[in-house]
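Coordinates in review
One-letter residues, chain by chain:
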Amino acid sequence: MKEAIVDVKMIRSRIIRKEALLCKGPTSQSVTASASSDIIANEEPDAAKIDIARRIIAGLQHDLEDYAAKGSGPFVAAVYDEKGNLVAKMPNTVVIDKCSHNHAEMNAIKAAEEKLGSHDLTPFNMKLYVTAEPCSMCLGGIIWSGIKEVYYGVPSDSVEKITGFDEGYKPGWLEAFKKRGIIVYGNIERELGEKALRNYVAKGRVIYQPKR
């Protein structure tokens, strides 16, 4: 079922429960879509894109615990090319690298640019998949990078509520991305991602941000 959201003219799509899907890539696991998942998009929802995003983001959510155990923050991002090949995958390394802008999205984009030898990813038709909605800093980085499509898991309001991270001010960003020709899908495997964030907090891991 779809309904228009007036503020950003997004299409909200109710996704029906699907059978378990085999997660591709380095990490393989069975993924079952939730009947209550509420996907948002700034284009007419494409079921094929959503299925691919579910598999990839579920895999990233699974990888999150391994990265966090080594000191990374609770976010993972990956860049894929238009043929579905993994180009780069990186976690948040703010604490490890002692660098405030080393968010997962920024790290993955940087790794992809270094691998492809270009500051502009536009000609390569790259897609960014991330375990949570990009913060205000990462939104700017995505625009400047030339990424064509963005798929994220946990929305910022849930991230802030569960962890206490400050995701920044970003009103109407899906519509702003649409005007720039950047496709966005969100709330993909949201429940799985929220569980991973709660687990991160429950283990007493670092919630890093400036002390104001």
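Predicted model only: the values in this text are computed from it and were never measured. Note that residues are indexed from 1 along each chain, following the sequence as it is written. Only residues with pLDDT of at least 70 are given local features in this predicted model, and only at 80 or more are side-chain atom pairs given and counted; all residues enter the totals for whole chains, interfaces and linings. Think of the side-chain values as coming from all heavy atoms in the structure, minus any hydrogens and water.

Observations concerning the overall build of the chain
Secondary structure elements follow DSSP: runs of H or I no shorter than four residues count as helices, runs of E no shorter than two count as strands, and numbering proceeds from the N terminus. When helices and strands are tallied, the chain shows seven helices and ten strands. Between buried and exposed lies partly exposed: a residue is buried under 20% and exposed over 50% of the maximum accessible area for its type, with that area taken using a 1.4 Å probe on protein chains only. Each of the 212 residues in the chain was classed as buried or not, and the buried ones make up 50%. Residues count as neighbours in contact if any of their non-hydrogen atoms are within 4.5 Å of one another. Pairs at least 24 residues apart make up 66% of the contacts formed inside the chain by residues separated by at least 6 positions. The protein chains shown are the only cover counted for residues, whose accessible areas, like all others here, come from Shrake-Rupley with a 1.4 Å probe. Accessible surface, the chain as shown: approximately 10700 Å² in total, 54% of it carbon and sulfur.

Remarks on the packing of aromatic side chains
Any aromatic ring pair is given by two values, namely how distant the centres are and how the planes are angled relative to each other. Each Phe, Tyr or Trp ring, with Trp reduced to its six-membered ring, pairs with another whose centre is within 6.5 Å; inter-plane angles below 30 degrees give stacked pairs, above 60 give edge-to-face pairs, and intermediate values give tilted ones. For the structure on display, the rule yields six aromatic pairs. Residues Y151 and Y185 carry aromatic rings whose centres are separated by 5.3 Å and whose planes lie at 15° to one another, so their mutual orientation is stacked. With a gap of 34 residues between them, Y151 in strand β9 (residues 149-154) and Y185 in strand β10 (residues 183-186) connect regions that are remote in the sequence. We note that Y151, like Y185, is buried.

Examining the pairing of strand β7 (residues 86-92)
Paired strands are those between which DSSP finds at least two bridges. Bridge count for strand β6 (residues 73-80) against β7 is six bridges, and the pairing is antiparallel. Paired with A78 across the bridge in β7 is K89. What sits between β6 and β7 in their antiparallel hairpin is a turn of five residues, with G84 showing a positive phi close to 90°.

What to know about unusual backbone geometry
Most peptide bonds adopt trans geometry, and most residues besides glycine take a negative phi value. Of note in the backbone geometry, K98 takes a positive phi value of approximately 55° without being a glycine. Relative to the elements of secondary structure, K98 occurs in the loop between α2 (94-97) and α3 (104-116). Within the chain, N187 stands out as a residue other than glycine whose phi angle is a positive 65°. Along the chain, the position of N187 falls in the loop between β10 and α7 (190-202).

A word on the confidence of the model for the chain
Overall, the prediction assigns the chain a mean pLDDT of 84, with 83% of residues at 70 or greater. pLDDT: the predictor's confidence for each residue, scored from 0 to 100. Per-residue pLDDT stays below 50 along residues 1-36; that stretch engages in 81 contacts with residues further than four places along the chain or on separate chains.

Quick word on the nonpolar core
Of all hydrophobic cores here, the largest spans 51 residues; its most connected members are F75, V79, Y129, I147, F177 and Y185. Per-element tally for this core: the top contributor is helix α1 (residues 47-69), with seven residues. Setting aside residues up to four positions removed in sequence, I147 forms contacts with V79, I109, L121, M126, L128, I142 and I182. The criterion is simple. A nonpolar core is a set of buried Ala, Val, Leu, Ile, Met, Phe, Trp, Tyr and Cys residues joined through side-chain atoms within 4.5 Å.

Focus on the packing of α1 against α7
With axes taken as lines fitted to C-alpha atoms, and helix axes fitted only over the stretch in contact, angles between N-to-C directions fall between 0 and 180 degrees. Running from amino to carboxyl end, α1 crosses α7 at an angle of 10°, the nearest separation of the two axes being 9 Å. Considered as vectors, α1 and α7 are oriented roughly parallel to each other. On α7, the residues touching A58, Q61, L64, E65 and A68 of α1 are L192, G193, A196, N199 and Y200. Each residue gets one label: Ala, Val, Leu, Ile, Met, Phe, Trp, Tyr, Cys and Pro are nonpolar, Asp, Glu, Lys and Arg are charged, and the others, such as Gly, are polar. Taken together, the residues of the contact of α1 with α7 sort by class into six nonpolar, three polar and one charged. Should an angle lie under 35 degrees it is considered roughly parallel, over 145 roughly antiparallel, and from 65 to 115 roughly perpendicular; all remaining angles are considered oblique.

Re the pairing of β10
Residues I183 and Y185 of β10 are buried on one face, and the alternating residues V184 and G186, pointing to the opposite face, are buried as well. One ladder, built from two bridges, connects strand β5 (residues 38-41) with β10; its direction is antiparallel. Directly across from I40, in β10, lies its bridge partner G186. With three bridges connecting them, β9 and β10 associate as parallel partners. Residue pairing for β10: V150 is matched across the bridge by V184.

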